[in-house]
Amino acid sequence: MPRPIQATIHPQALRHNLEVARRAAPDARVWAVVKANAYGHGIERAFEGLRGADGIALLDLDEASRVCALGWRGPILLLEGVFDQRDLELCSRLGLWHTVHCEEQINMLAIHKTNEPHRVFLKVNSGMNRLGFQPDQVRSAWTRLNALPQVDEISLMTHFSDADGATGIDAQMAVFKAATDDLPGERTVSNSAATLRHSGSGLVSDWVRPGIAVYGSAPDYPEHTAAHWGLQPTMTLAAKIIAVRALSTGDTVGYGSTFVADRPMRIGVVACGYADGYPRLCPTGTPVLVDGVRTRTVGRVSMDMVTVDLQPVPQAGMGSEVTLWGRSANGSVLSIDEVAACAGTVGYELMCALALRVPVVVAD
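Residues numbered from 1 in each chain as written. Predicted model: local features only at pLDDT ≥ 70, side-chain atom pairs only at ≥ 80, totals over all residues. Heavy atoms only, no water.

Engineer: Tell me about helix α4 (residues 61–69), and please be specific about residues and values.
Structural biologist: Taken together, the buried positions of α4 are Leu61, Glu63, Ala64, Val67 and Cys68. Here the buried residues of α4 occupy an arc of 155 degrees about the axis, which is enough to place them on one side. Looking at where α4 begins, the residue whose side-chain oxygen comes 3.2 Å from the main-chain nitrogen of aspartate 62 is aspartate 60. Backbone geometry just after α4 places glycine 71 at a positive phi near 100 degrees. (Buried < 20%, exposed > 50% of the residue type's maximum accessible area, 1.4 Å probe, protein only. Helix = DSSP H or I, 4+ residues; strand = E, 2+ residues; numbered from the N terminus. Arc of directions from axis to C-beta. Polar contact = N/O pair within 3.5 Å; in protein donor to acceptor, adjacent residues only side chain to side chain.)

Listed below in structure tokens is the structure:
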């Protein structure tokens, strides 16, 4: 028998979450973002759930080639643009759209030989201060691009740093508008948080880029949960109990003896650890579902095992299902955001950190 741990990808939930984003921004087209191997889900496994998107956005040429091999014929956008002059050859061959965020990328385009002019997305640094042209450089960059025979259409984009919190998007949107107001071209500005939180506030975005929301995680957790936004979990990590132990008062559990039983109790040993992608930083009290019933971890997470309190589930024993995040067999849901928060991180990281040794299946 293989080790009893498995991740399940839920294409129907991907379809549902994509539609949640579409309803939030009904006048915009929707990118499905599949960078980081579809946020750890696997591009090939997630693809069926994302076919309803208007375009696919990603980071590198390998991902673009894989999407094309799956039969996708719609727009594909390289969110960080090209990294090397030679990358433009594949952009021409596959018809890829790509971001331009620096003078060096314009220089690459200027010497690129192609019979097919490129659709480019000029990125404005409106305050994130990662990629993009400074506001006072945008018109010069647009003018250079517009003069190139290698360029067909120029769209405009930016990225919000605080769409998920109280600071919001107003200041960055004002910078973006001032820098681009009289320039033609479609706009794409809305990430997951902006799409869900701000689309009804006059925000205009011809394309929205919901990333984490499509994968069932709330972009503004803990202010709002995935359930609040109507999002469904797209990845379940589940394992089984491989041993049960009876503890006496004063017994300790795991490395460092960080958990001390304050009463007689039963604990289950679960076939999942940090080598599977479950965060080692999850402390005692991190929620899990055992046979669909909410309980907690006890002691430190080790490489291959985690231990859970069986008091709320007295019927549980060897072979019982343990849902580390996602949807249990009886339909109960444990949000990946809640688990991530216990580890001091975000749901994105847990999805992307799923280990290669974990078998993955796609739900019907």
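Engineer: How would you sum up the sheet that holds strand β4 (residues 76–78)? Please name residues and give values.
Structural biologist: The eight strands are arranged β2-β3-β4-β5-β6-β7-β8-β9 in a closed barrel whose pairing can be described as parallel. Packed on one face of the sheet, helix α5 (residues 87–94) meets β4, β5 (97–100) and β6 (118–123) and runs near 125 degrees to β6. (Pairing = 2+ DSSP bridges. Contact = heavy atoms within 4.5 Å. Axes fitted to C-alpha atoms, helices over the stretch in contact; angles between N-to-C directions.)

Engineer: Give me the lowdown on helix α7 (residues 138–147), citing residues and values where you can.
Structural biologist: Given 3.6 residues to a turn, an α-helix orients residues that are three or four positions apart in the same direction. Looking at α7, one finds that the buried residues are Val138, Ala141, Trp142 and Leu145. The buried residues of α7 occupy an angular sector of 100 degrees when projected down its axis, which confines them to one face. If you follow the buried residues of α7, they end up packed against β5, α6 (103–110), β6, β7 (151–157) and α8 (170–180).

Engineer: Pulling in residues and values, what's your account of the pattern of salt bridges?
Structural biologist: As enumerated under the stated definition, the model contains 20 salt bridges in all. Measuring nitrogen to oxygen at the nearest pair gives 2.8 Å for the salt bridge that ties glutamate 44 to arginine 66. Of this pair, glutamate 44 sits in helix α3 (residues 43–50) while arginine 66 sits in helix α4, placing them 22 residues apart in sequence. The salt bridge involving glutamate 338 is made with arginine 294; its shortest N-O contact spans 2.2 Å. Residue glutamate 338 is located in helix α11 (residues 336–342), and its partner arginine 294 is located in strand β15 (residues 293–298); the two are separated by 44 residues in the primary sequence. (Salt bridge = Lys/Arg side-chain N within 4 Å of Asp/Glu carboxyl O.)

Limitation: the analysis is restricted to geometry and does not speak to function.
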